[in-house]
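Okay, here's what each chain looks like letter by letter:
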Amino acid sequence: MIYDFNFQYFTNKKILIQLSGGKDSIACLALLIENHIACSAIHFIHDYAYSIPTDEAKRICKNYNVKLQIIDITKEIKELLLNNHIDRPCRKCKGIMDKKTVEYAIKHKFDFICTGDSGDDTSLIARLKKYNGSDLFVGNYFNKAVELPSMIKIIRPLITTSSKEIFEYLNNKGITVNRVSDTGDKYLEYSREGCPLQFKDYFADYTENLLLKLKKYNTLCAKFAKSKGIRASIHLPSEFIITIPKGYETECYNYLKENGCELKDSNPSFNSIFPNEYLIQLQISDKYINNKRLDLAIINLAIKLGCSVINKNQEIINNSLTLKTSDIFLNIILIHENGKALLLLSSRKNYKINELKKLISDEFGTQKIFIDYKQNKAKREMK
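Here is a short report on the structure shown in this document. (Residues numbered from 1 in each chain as written. Predicted model: local features only at pLDDT ≥ 70, side-chain atom pairs only at ≥ 80, totals over all residues. Heavy atoms only, no water.)

Quick look at unusual backbone geometry
What counts, and what does not: A run of H or I in DSSP counts as a helix once it spans at least four residues, and a run of E counts as a strand once it spans at least two, with each numbered from the N terminus. Buried means the residue's accessible area, taken with a 1.4 Å probe over protein chains only, is under 20% of the maximum for its type, while exposed means over 50%, and partly exposed covers the values in between.
Here the residue pair Leu236 and Pro237 is connected by a cis peptide bond, since its omega of 5 degrees sits within 30 degrees of zero. Positionally, Pro237 belongs in the loop between strand 7 (231-235) and strand 8 (240-244). In the segment running from Ile244 into Pro245, the intervening peptide bond is cis, with an omega of 0 degrees. Along the chain, the position of Pro245 falls in the loop between strand 8 and helix 8 (249-258). Look at Asn65: it is not a glycine, yet its phi comes out positive at around 55 degrees. For Asn65, a relative accessible area of 72% gives the class exposed. With a phi close to 75 degrees, Ser181 is a non-glycine residue in the positive phi region. Inspection of the secondary structure puts Ser181 in the loop between helix 6 (163-172) and helix 7 (208-228).

The following block contains the structure:
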């Protein structure tokens, strides 16, 4: 619950709060001030981030007269991502921010570092129970990548509070939070709203150009989404667009093209009414590219998956091949010359992930396969 935390104990302590500019950290800051706990805030920026979270951090600190320290980690982000294959950057980027937070806390002699971690983060709660025991609110665990000095502890006032309760608290206090309106990468394994860098395709490599495009294109996606009251993001370089709720993909695609984004002529987003959807990214041999072997592998995969009708005259056009039957929608997009591909599969049948991986491995001759599965249910859509 929102007031489970023992605020009274911390009234005379020196506290540094990590302020991302999102709803959780803003609610956490408001709670500290409401309970007469003086604090300072630290916020991180880089050249490839959205501007909205920073604007929100500045605004809320000005409203509450809280000192805000802004630290630019562009150099560290580039060193982490460029020329390295990073599947999902969020946890590693968080490690950079946590390390910088600890360094700042030590230098300025803070007693506690406060985070806006909430009760929705079940994996974090499991780690806290392992490292801190029964006390979820105060402990020595911060991040696996960070060694916390003995004189500083982490406090998490919202760790037993759900997102719904946080929204209710903010509404009751009349606190509005301008959110980014991206999807938080709901179609991949780590969801973190508020950073465009997570929307890189799983097997693609970061480049300077890709970093800049991720920011530009997803900033426009978020602007479009906000105008519609939805959430939207685009994965690059595949150009796979996600909207929550579904149904706005083509409109978002057109908006991006109208605003200067260089996109393919066809939009590789799910466009079916099948109940089960799979986003599959794989790395295949160069010998498959621009070769009939790729066409044959896709046809064979479709047959094994149970397509009732197969058009064997399909050709790869604009790096894209699509099969749509009464049972299955199957689309493959070639991402790079070096054999990275995105496979979109919708089906009436619910396939086991391991079963699907084996079929793909057999046909494409690769073990480098990443699969995410979503079932079209109302609860997965944004209400």
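Having seen it, we continue.
Observations regarding helix 8
Put simply, the rule is: Along the arc lie the directions from the helix axis toward the C-beta atoms. For this analysis, residues touch if any pair of their heavy atoms sits within 4.5 Å.
Listing the buried residues of helix 8 in full gives Glu249, Cys252, Tyr253, Tyr255 and Leu256. Angular distribution of buried residues about the axis of helix 8 spans 160 degrees; they occupy a single face of the element. For helix 8, the exposed residues lying more than 90 degrees away from the buried face are Thr250 and Glu258. Buried residues along helix 8 sit against helix 7, strand 7 and strand 8.

Concerning the sheet that holds strand 2 (residues 39-45)
Convention followed: By the convention used here, strands pair only if DSSP detects at least 2 bridges between them. Think of each axis as a best-fit line through the C-alpha atoms, taken over the contacting stretch in the case of a helix, with angles from 0 to 180 degrees between the N-to-C directions.
Taken together, the six strands give an open sheet; going across it, the order is 3-2-1-4-6-5, and neighbouring strands pair in mixed fashion. Two strands bound the open sheet, and with one partner strand each, they are strand 3 (68-72) and strand 5 (138-139). Here strand 5 runs beside strand 6 (residues 153-155); their pairing, made up of two bridges, is antiparallel. By the bridge assignment, Val138 is partnered in strand 6 with Ile155. In the packing of helix 1 (residues 23-34) onto the sheet, contacts are made with strand 1 (15-18), strand 2 and strand 4 (112-114), and the angle to strand 1 comes to roughly 155 degrees.

Re the sheet that holds strand 13 (residues 369-375)
Overall, antiparallel pairing links the five strands, which are arranged 10-11-12-9-13 in an open sheet. In this open sheet, the two strands that pair with only one neighbour each are strand 10 (320-324) and strand 13. The sheet shows a mean angle of 10 degrees between the axes of neighbouring strands, direction not considered. One ladder, built from eight bridges, connects strand 9 (residues 276-283) with strand 12 (residues 340-347); its direction is antiparallel. Bridged to Glu277 within strand 12 is Ser346. Against the sheet, helix 9 (residues 292-305) makes contact with strand 10, strand 11 (328-334) and strand 12, and its axis sits at roughly 155 degrees relative to strand 11, the strand it touches most. Sitting on the sheet, helix 10 (residues 353-364) touches strand 9, strand 11, strand 12 and strand 13, and the angle it makes with strand 13 is about 140 degrees.

As for the pattern of salt bridges
Definition in use: Salt bridges are defined by distance alone: a side-chain nitrogen of Lys or Arg within 4 Å of a carboxyl oxygen of Asp or Glu.
According to the stated counting rule, one finds 13 salt bridges in the structure shown. We note a salt bridge from Lys94 to Asp98, for which the minimum N-O separation is 2.8 Å. One end of the pair, Lys94, and the other, Asp98, are both in helix 4 (residues 90-107), four residues apart, so they sit about a helical turn from each other. Relative accessible area serves as the criterion here: at 17%, Lys94 is assigned to the buried category. Here Asp98 falls in the buried class, since its relative accessible area comes to 1%. Across the pair Glu355 and Lys349 runs a salt bridge whose closest N-O atoms are separated by 3.9 Å. Given the relative accessible area of 32%, Glu355 is considered partly exposed.

As for the packing of helix 7 against helix 8
How we decide: Note on angle classes: values under 35 degrees are labelled roughly parallel, values over 145 roughly antiparallel, values of 65 to 115 roughly perpendicular, and the remainder oblique. In this scheme, a crossing is called left-handed if the near helix is turned counterclockwise away from the far one by less than a right angle; it is called right-handed if the turn is clockwise. Any residue that is not Ala, Val, Leu, Ile, Met, Phe, Trp, Tyr, Cys, Pro, Asp, Glu, Lys or Arg is counted as polar, Gly included; the first ten are nonpolar and the last four charged.
Following both chains from N to C, one finds helix 7 and helix 8 inclined at 125 degrees, their axes separated by 10 Å at the closest point. One finds that helix 7 runs oblique with respect to helix 8. Considering only the axes of helix 7 and helix 8, their crossing is right-handed. Packed against helix 7, whose contacting residues are Tyr217, Leu220, Cys221, Lys223, Phe224 and Lys228, the element helix 8 presents Glu251, Cys252, Tyr255 and Leu256 at the interface. In terms of residue class, the contact of helix 7 with helix 8 is built from seven nonpolar, no polar and three charged.

Concerning the packing of aromatic side chains
Heads up, the rule is: Side-chain rings of Phe, Tyr and Trp, where Trp is taken by its six-membered ring, are said to pair if the distance between their centres is within 6.5 Å; with planes under 30 degrees apart they count as stacked, over 60 as edge-to-face, and otherwise as tilted.
In this structure the tally under the stated criterion is eleven aromatic pairs. Ring centres of Phe10 and Phe112 lie 5.0 Å apart, and the angle between their planes is 80 degrees; on these two criteria the pair is classed as edge-to-face. Taken together, the residues span a long stretch of sequence, with Phe10 in the segment before strand 1 and Phe112 in strand 4 at a distance of 102 residues. Both rings, one in Tyr131 and one in Tyr141, keep their centres 4.5 Å apart while their planes meet at 20 degrees; by these two values the pair is stacked.

Examining the side chain of Thr161
To keep it simple, the criterion reads: Whenever two N or O atoms come within 3.5 Å, that pair is a polar contact, provided that in protein one can donate a hydrogen and the other can accept it, and provided that, for residues adjacent in sequence, both atoms are side-chain atoms.
Here Thr161 shows up in the loop between strand 6 and helix 6. Here Met1 takes part through its backbone oxygen, which lies 2.9 Å from a polar atom of the side chain of Thr161. Those residues in contact with Thr161 that lie beyond four places of it in its chain are Met1, Ile2, Ser118, Gly119, Asp120 and Ile166.

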